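# Secondary and tertiary structure notes
Okay, here's what each chain looks like letter by letter:
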Amino acid sequence: PICGPCGPAVVLLDGSSSTDADGDPIAYDWSLVANPVGAASLSTATTAQAAAVIDVAAPSAPGYTTSTFVLVTLAASDCTDSSTAYLQLTVNCLGL
């Protein structure tokens, strides 16, 4: 989990270690599968590296924590074969 000040958190995603057995070029497709109330967005969703911007609402009182859970997928394909990886991101915000 990422814990920090309330507001948007930027998470860098890296699929560049994906390989193809034949050496064919790989196409990348990042997606947000679980995205509560539009809490997250992706930049450059069709490259090996992307960034997820996740917004976390401030807790209602000091000492409480709010969390945002986002599920991200990366589909790597060479137009013949495809593989998908899943990543759950949790961003916590502690009220001060």
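### Notes on the side chain of Asp78
Following the sequence through the fold, Asp78 ends up in the loop between β6 (65–77) and β7 (82–94). A distance of 2.9 Å separates the side chain of Asp78 from the backbone nitrogen of Thr80, its partner in a polar contact. Within the structure, Asp78 has its side chain in polar contact with the backbone nitrogen of Asp81 (distance 2.7 Å).

### A closer look at the sheet that holds strand β2 (residues 7–14)
The three strands lie next to each other as β2-β5-β4, forming an open sheet whose pairing is antiparallel. The open sheet has two edge strands with one neighbour each: β2 and β4 (40–43). Each strand of the sheet is rotated relative to its neighbour by a mean of 20 degrees, with strand direction disregarded. As paired strands, β4 and strand β5 (residues 49–56) are joined by four bridges and run antiparallel to one another. Residue Ser41 lies in a different strand from β5, and its bridge partner there is Val53.

Parameters and conventions
Residues numbered from 1 in each chain as written. Predicted model: local features only at pLDDT ≥ 70, side-chain atom pairs only at ≥ 80, totals over all residues. Heavy atoms only, no water. Helix = DSSP H or I, 4+ residues; strand = E, 2+ residues; numbered from the N terminus. Polar contact = N/O pair within 3.5 Å; in protein donor to acceptor, adjacent residues only side chain to side chain. Pairing = 2+ DSSP bridges. Axes fitted to C-alpha atoms, helices over the stretch in contact; angles between N-to-C directions.

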